[in-house]
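Topology and contacts: notes
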Amino acid sequence: MQITGTTALVTGASRGIGRALVAALLDAGAARIYATARRPADVAIPADAAGRVVVLPLDVTDAAAAAAAAQQAGDVRLLINNAGVLDFGGALDMPADLLARNFAGNFFGPLNVTRAFAPVIEANGGGAVVNLLTIVALASMPGLAGYNASKAAAWSMTQSLRAALAPKNIAVHAVFPGPVDTDMAAAITFPKTSPADVAAAIVRGVAEGSEDIFPDPMSAQVYEGWRQDHKAVERQFAAA
Ligand SMILES: NC(=O)c1ccc[n+]([C@@H]2O[C@H](COP(=O)([O-])OP(=O)(O)OC[C@H]3O[C@@H](n4cnc5c(N)ncnc54)[C@H](OP(=O)(O)O)[C@@H]3O)[C@@H](O)[C@H]2O)c1
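Structure report, in brief. Each chain has its residues counted from 1, running along the sequence as written. A pLDDT threshold of at least 70 governs which residues receive local features in this predicted model, and a stricter bar of 80 or more applies before side-chain atom pairs are shown or counted, although totals over entire chains, interfaces and linings include all residues. Values reported for side chains reflect all heavy atoms of the structure, with hydrogen atoms and water molecules removed beforehand.

A few points about the pairing of strand β1 (residues 7-10)
Throughout, exposure labels follow a simple rule: accessible area from a 1.4 Å probe, protein chains only, divided by the maximum for the residue type, with under 20% read as buried, over 50% as exposed, and the rest as partly exposed. Secondary structure elements are defined from DSSP: runs of H or I of at least 4 residues count as helices, runs of E of at least 2 residues count as strands, and each element is numbered from the N terminus. Burial of β1 is two-sided: the residues T7 and L9 facing one way and the residues A8 and V10 facing the other way are all buried. Two strands qualify as a pair provided that DSSP identifies no fewer than 2 bridges between them. Relative to strand β2 (residues 32-37), β1 runs parallel, the two sharing four bridges. Looking across to β2, one finds that V10 is bridged to A35. With the strands aimed away from the viewer, a crossover counts as right-handed if its path from the first strand over the helix to the second runs clockwise. Once the chain exits β1 it traverses helix α1 (residues 16-27) before rejoining the sheet at β2, and the crossover so formed is right-handed. Summarising the sheet, β1 and strand β4 (residues 78-81) pair through three bridges and their orientation is parallel. Counterpart to A8 in the pairing with β4 is L78.

A few points about the packing of aromatic side chains
To pair, rings of Phe, Tyr and Trp, with the six-membered ring standing in for Trp, must have centres within 6.5 Å; the planes then decide the type, stacked if under 30 degrees apart, edge-to-face if over 60, and tilted in the middle. Under the definition given, this model contains six aromatic pairs. With a centroid separation of 4.9 Å and 85 degrees between ring planes, the pair formed by F107 and F108 is classed as edge-to-face. Judged by its relative accessible area of 46%, F108 is partly exposed. On the basis of an interplanar angle of 90 degrees and a centroid distance of 5.5 Å, the ring pair of W155 and F176 is categorised as edge-to-face. Of the two residues, W155 is situated in helix α4 (residues 145-165) and F176 in the loop between β6 (170-175) and α5 (195-208); the sequence distance between them amounts to 21 residues.

Some remarks on empty space enclosed by the protein
Here a cavity means grid points, on a 1 Å grid over the protein atoms only, where a 1.4 Å probe fits yet cannot get out; a pocket means an open set of points with protein on both sides within 12 Å along at least five of seven lines; lining residues are those with an atom within 4 Å of a point. Grid points are joined across faces, edges and corners, and a volume is the space filled by probe spheres set on the points. Under the criterion given, the structure shown has three cavities of 30 Å³ or more. Approximately 60 Å³ is the volume found for the largest cavity. Looking at the lining of the largest cavity, the elements that each hand over two or more residues are α3 (96-123), β5 (127-132) and α4. When the residues that make up the lining of the largest cavity are grouped by side-chain class, the tally is five nonpolar, four polar and one charged. A volume near 40 Å³ is recorded for the second largest cavity. Around the second largest cavity, the lining residues are N106, F107, P110, L111, N131, A154, M157, T158 and L161. For the lining of the second largest cavity, the elements supplying multiple residues, two or more each, are α3 and α4. For this classification, Asp, Glu, Lys and Arg are treated as charged, while Ala, Val, Leu, Ile, Met, Phe, Trp, Tyr, Cys and Pro are nonpolar and the rest, including Gly, are polar.

Re unusual backbone geometry
Even without glycine at this site, N169 takes up a positive phi of about 65 degrees. Tracing the sequence through the fold places N169 in the loop between α4 and β6.

Quick word on the packing of helix α2 (residues 63-72) against α3
Axis lines are fitted through C-alpha atoms, for helices just across the contact stretch, and the angle between N-to-C directions can take any value from 0 to 180 degrees. Direction vectors running N to C along α2 and α3 enclose 25 degrees, while the axes themselves pass 8 Å from each other. When the interaxial angle is binned, α2 and α3 end up roughly parallel. In this structure, α2 crosses over α3, and the sense of that crossing is right-handed. Of the residues in α3, those in contact with A63, A66, A67, A69 and A70 of α2 are N112, V113, A116, F117 and V120. For the contact of α2 with α3, a count of residues per class yields nine nonpolar, one polar and no charged. Each angle is binned into one of four classes, with values under 35 degrees roughly parallel, values over 145 roughly antiparallel, values of 65 to 115 roughly perpendicular, and all other values oblique. Two helices crossing with the near one rotated counterclockwise from the far one by less than a right angle form a left-handed crossing, whereas a clockwise rotation gives a right-handed crossing. Every residue pair with non-hydrogen atoms within 4.5 Å of one another is taken to be in contact.

In structure tokens form, the structure reads like this:
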């Protein structure tokens with residue numbers, strides 16, 4: 001879809017990739033960006049935004065709040081489901097409340113927001129939904145058992161949404177980043193890509209109509225390996 005002149009909404013815009021997405025959308029010429037966050041005071045509006053950034057409160061786990069945001073942001077055509085959480089823990093020992101937190105933030109959250117905004121985007125003539133997944137949605141890293149599973153479920157839901165929203169002229173993109181240099185990945189020692197580079201690649205991928213976006217060198221490399229031999233990637237990640 002064309003980014004220039006469009007209206008976008010980004011969840012989790014207080015920091016990390018979400019904050020960088022707001023900047024990348026400004027650079028790409030978006031007319032208005034709703035930068036949403038659990039605590040609106042945490043959103044830093046770029047100095048050169050010239051009234052193009054509107055801050056709204058939105059906890060994505062709250063379906064009523066998503067519906068309220070859709071009432072306030074009735075001109076949205078591009079929804080970016082960026083907000084997410086990561087807790088460490090294995091399949092046998094991760095506490096149930098942390099498993100639930102990962103599914104609430106990474107699976108039910110984006111679904112809540114997509115359900116609220118799909119009618120808005122459709123009424124505006126169509127557009128796109130972008131779901132931030134992760135490369136570990138393809139193959140699990142056992143120390144992130146709840147995170148992997150919640151993102152794999154979100155990938156499955158992304159495919160269902162793609163089919164459900166295509167007749168409404170709404171494209172659904174999946175993004176599979178590798179490690180990105182944000183708070184979320186602070187404890188991860190792999191080489192990391194900058195949030196600015198990842199955000200720019202996401203916006204470019206949406207503009208070019210790429211359904212599945214691998215926005216950094218590591219994710220592109222892992223995807224190529226996974227296409228050739230997904231069991232080899234599974235074994236490699238299991239040993240990481
Ligand atoms: N960093 C990586 O290596 C990496 C790799 C692959 C995929 N991703 C994905 O990319 C997305 C952004 O990650 P990041 O690295 O930028 O993480 P981050 O630095 O930890 O930022 C996470 C953002 O999500 C927000 N958030 C969390 N729960 C929320 C909720 N219930 N409602 C609204 N906002 C909520 C946070 O808001 P608060 O400030 O209120 O906490 C924050 O703005 C996530 O979906 C993540 O899974 C990240």
